[in-house]
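Fold and contact review
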Amino acid sequence: MDRFTRTPISNQDPKVRATNFDEVCLGYTEEEAIKEAKRCIQCKKPTCRPKCPVNIDIPEFIGHIAQGEFEEAAHSLAKYTALPAVCGRVCPQETQCESTCILGKKGDPIAIGKLERFAADWARKNNIDVGKTKEKNGFKVAVIGSGPAGITCAGDLVKEGYDVTIFEALHEPGGVLVYGIPEFRLPKEDVVKPEIENLKKLGVKIETNVIVGRTVTIDDLMEKEGFHAVFIGSGAGLPIFMGIPGENLNGVFSANEFLTRNNLMKAFRKDYDTPIKVGEKVAVIGGGNVAMDAARTALRLGAEVYIVYRRTQEELPARVEEVHHAMEEGVKFEFLTSPVEVIGNENGWVKAIRCQRMELGEPDASGRRRPVPIEGSEFEFDVDTVIMALGTSPNPLIPSTTEGLEINKWQCIVADENGQTSREGVFAGGDAVTGAATVILAMGAGKDAAAGIDKYIKEKYGK
Amino acid sequence: MYKIVEKKELAPNIYSMDILAPRVANSAQPGQFVIVITDESGERIPLTICDYDKEKGTVNIVVQAMGCSTKKMVALEEGEYFKDFVGPLGKPSDYVNMDLEEVKKKKYIFVAGGVGAAPVYPQVKWFHERGIDVDVIVGAKTKDLVILEDKIKEVAGNLYIATDDGSYGYNGMVTGCLEDLVKNQGKKYDQCISIGPMIMMKFVSLLTEELGIPTVVSLNPIMVDGTGMCGACRVSVGDETKFACVDGPEFDGHLVDFDEALKRQAQYKSEEVKLDKKVEEDCKIEDQGGAK
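This report concerns the structure included in the present document. Here the structure is a predicted model, which is why all the values come from computation and not from measurement. (Residues numbered from 1 in each chain as written. Chains lettered and ligands numbered in written order. Predicted model: local features only at pLDDT ≥ 70, side-chain atom pairs only at ≥ 80, totals over all residues. Heavy atoms only, no water.)

In this assembly, 44 residues from chain A lie in contact with 47 residues from chain B. A combined buried area of about 3700 Å² lies between chain A and chain B, and 49% of that area is made up of carbon and sulfur atoms. Contact with chain B buries area across many residues of chain A, yet Arg214(A), Asn248(A) and Asp273(A) alone supply 22% of it, more than any other trio. Between chain A and chain B we count three salt bridges in total. Note that Arg23(B) and Glu225(A) form a salt bridge whose closest N and O atoms lie 2.7 Å from each other. (Contact = heavy atoms within 4.5 Å. Buried area = accessible area lost by both parts, 1.4 Å probe. Salt bridge = Lys/Arg side-chain N within 4 Å of Asp/Glu carboxyl O.)

Following this line, the structure appears as structure tokens:
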């Protein structure tokens with residue numbers, strides 16, 4: 001066996017998957033997983049583990065898989081993460097754990113993410129119960145938002161014996177895992193729902209349709225409903241538009257709207273009422289994971305799709321795997337291109353975007369070379385749908401209804417490394433604190449905040 | 001699940017429903033809205049709050065059955081449940097947070113059209129409870145479609161009814177009625193609040209601009225989440241793009257770009273027609289909806 005070559009994993013054929021919403025990656029079989037796990041040289045001082053935001057003992061769980069001890073692998077993962085089946089699918093492993101794998105120096109790093117997914121899927125299919133909780137300690141914690149940060153925080157606290165209630169603004173729990181990330185990357189019924197069910201089995205209560213800041217306030221929760229601490233994991237917020245003429249024409253959508261209609265509201269299914277407009281030719285503006293998700297969704301709904309990005313392929317912020325999958329499926333890319341105007345027809349619908357070509361200049365603050373417009377390069381590009389995937393700005397609702405909750409100049413909630421905010425007993429983490437980031441970073445923040453809340457309550461109430 | 005504790009037919013195809021939702025009732029204020037999902041496959045439908053009873057824990061909504069989703073809603077009977085009911089959403093009306101003495105100095109006129117009379121009612125009631133008389137114009141296509149006349153009469157200073165076909169009250173549109181009050185009957189108003197179909201609010205705003213009356217309109221654009229996340233409800237107000245769900249739903253009517261808003265509201269029209277057909281063919285809602 002060649003230690004330096006990764007065990008291949010099977011994917012749905014690009015031509016087939018471009019027309020369905022089933023999961024793209026089919027995962028390892030038991031034999032494949034063992035074969036891949038056996039490549040791991042079990043470093044004494046692993047370089048992968050420090051790169052994991054939730055500190056998973058990577059050599060340990062991989063060692064179990066190598067021995068065919070799949071249940072033990074699942075138990076090992078459960079010590080550190082509430083969402084292994086999710087993280088194995090959506091974490092940017094190539095820039096985290098896998099980026100420092102010693103094997104990567106000479107060949108392919110271990111497929112840590114794919115192995116994590118394998119162990120989690122195996123445990124779910126075999127009904128392995130990985131949850132253990134301590135005796136109830138009588139303290140109540142409210143968690144705002146049921147996305148990755150909230151789920152992780154709630155999971156850790158309930159295991160410590162806390163009485164945890166999650167308040168979710170939408171009608172389904174899961175946050176971005178449900179409304180944002182599409183089915184073909186993260187199946188809802190098979191992967192997300194069981195993770196939420198596990199949380200409920202551990203004793204976490206989930207109240208949907210509660211918008212904290214409107215339906216109740218944080219002060220209400222603490223003063224009237226007796227919560228000893230609150231964790232804010234309310235997520236990223238409001239979609240950003242470019243501020244160019246024509247953006248309010250019919251046929252211009254935020255990626256959030258497009259993905260929410262399709263994922264949360266299941267607009268792609270004929271038996272659901274929510275409509276979605278995809279048009280025949282779609283331009284997705286942006287180059288992140290959300291842009292890839294929107295583009296691949298539009299493609300599956302039958303459109304010809306272009307990603308319009310102002311830098312080059314090298315600077316695309318999306319995960320390499322997602323870009324690769326998008327290209328395989330037939331999404332086209334217009335690099336070094338930026339829209340300056342959306343042009344409408346006489347009925348107020350998009351008919352084209354006026355773009356300009358860019359070239360890369362000097363590096364900017366982010367270290368990436370700044371795109372500079374090429375004079376006289378403007379051209380019209382005929383499309384009937386434009387999807388803006390440019391990121392989000394924080395939702396002001398909670399800070400504006402919670403006295404004394406400090407925000408920074410980007411309007412994000414200020415929290416220290418334990419998640420503590422400027423308000424006593426109020427903790428925060430995830431995109432609400434950092435601005436839009438990844439699932440795993442939000443989980444790391446939820447985990448740190450759970451530890452912070454545990455310490456705060458024990459110190460305050462002397463337990 | 002959210003129980004329908006009371007259902008009444010106010011006019012043909014227009015129903016009033018009291019929904020048990022204590023958290024929403026407890027926090028609701030004039031000007032805010034809710035989002036309702038009828039069943040598992042349902043859309044998220046935004047509706048302006050029409051009344052609320054904090055003691056009973058109920059919120060009142062008034063629904064006119066027009067498209068697929070509203071037909072599904074009104075097909076439910078007393079004792080049945082909506083799958084989801086979330087709110088209150090949006091900002092409360094401006095006067096709620098103003099100095100009451102300042103509010104008392106102003107003469108308010110409410111201009112409602114169609115089912116817009118329903119969300120106007122709690123606002124008028126709010127003034128009445130604070131000892132302030134406001135005038136109200138309620139417009140409808142015809143006499144049969146005038147709703148909540150008695151309830152509004154109880155709390156309003158003067159109530160004027162206007163019907164397009166002249167079958168009741170002022171013969172003509174609400175704009176004609178308002179113009180008549182100001183120009184011919186010597187009425188003076190310092191603030192107008194208008195709720196109704198987008199096209200009506202557009203023409204009320206054009207008239208009040210001419211008459212020099214500041215005007216607030218309550219917009220009901222297409223929305224998905226209603227919490228600011230999707231941006232479907234964006235509307236041009238002056239030089240800015242606002243999200244009606246979090247920045248509104250009430251805006252300065254003299255600054256709203258109504259022509260754009262009207263076009264945006266029609267964005268899914270063809271789909272709605274298709275869905276509507278589906279309902280009639282598959283769900284046979286037509287038959288159930290008629291039997292009250």
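Let's shift gears to the sheet that holds strand 2 (residues 14-20) of chain B. Backbone-to-backbone hydrogen bonds pair the strands of a sheet. The strands run either parallel or antiparallel. All names here are of chain B. Taken together, the five strands give an open sheet; going across it, the order is 5-6-2-1-7, and neighbouring strands pair in antiparallel fashion. The sheet terminates laterally at strand 5 (51-53) and strand 7 (81-82), the two strands that pair on one side only. As paired elements, strand 5 and strand 6 (residues 58-64) share three bridges and run antiparallel to each other. Bridged to Asp51 within strand 6 is Asn60. Taken strand by strand, helix 2 (residues 68-75) contacts strand 1 (2-11), strand 2, strand 6 and strand 7, and its axis lies near 125 degrees from that of strand 6. (Pairing = 2+ DSSP bridges. Helix = DSSP H or I, 4+ residues; strand = E, 2+ residues; numbered from the N terminus. Axes fitted to C-alpha atoms, helices over the stretch in contact; angles between N-to-C directions.)

This next bit is on helix 2 (residues 30-38) of chain A. Residue and element names in this part refer to chain A. Taken residue by residue, helix 2 has Ala33, Glu36 and Ala37 as its buried positions. The arc that holds every buried residue of helix 2, seen down its axis, measures 100 degrees, which confines them to one face. Looking at the buried side of helix 2, the elements it contacts are helix 3 (58-66) and helix 6 (112-125). (Buried < 20%, exposed > 50% of the residue type's maximum accessible area, 1.4 Å probe, protein only. Arc of directions from axis to C-beta.)

So, on to the environment of Lys105(A). Residues and elements named next belong to chain A. Counting through the fold element by element, Lys105 comes out in the loop between helix 5 (84-90) and helix 6. On the basis of relative accessible area, Lys105 is assigned to the exposed category, the value being 71%. Here the alpha-carbon distance between Lys105 and Phe4, two residues 101 residues apart in the chain, equals 9.4 Å.

Any functional reading would require information beyond the geometric quantities listed.
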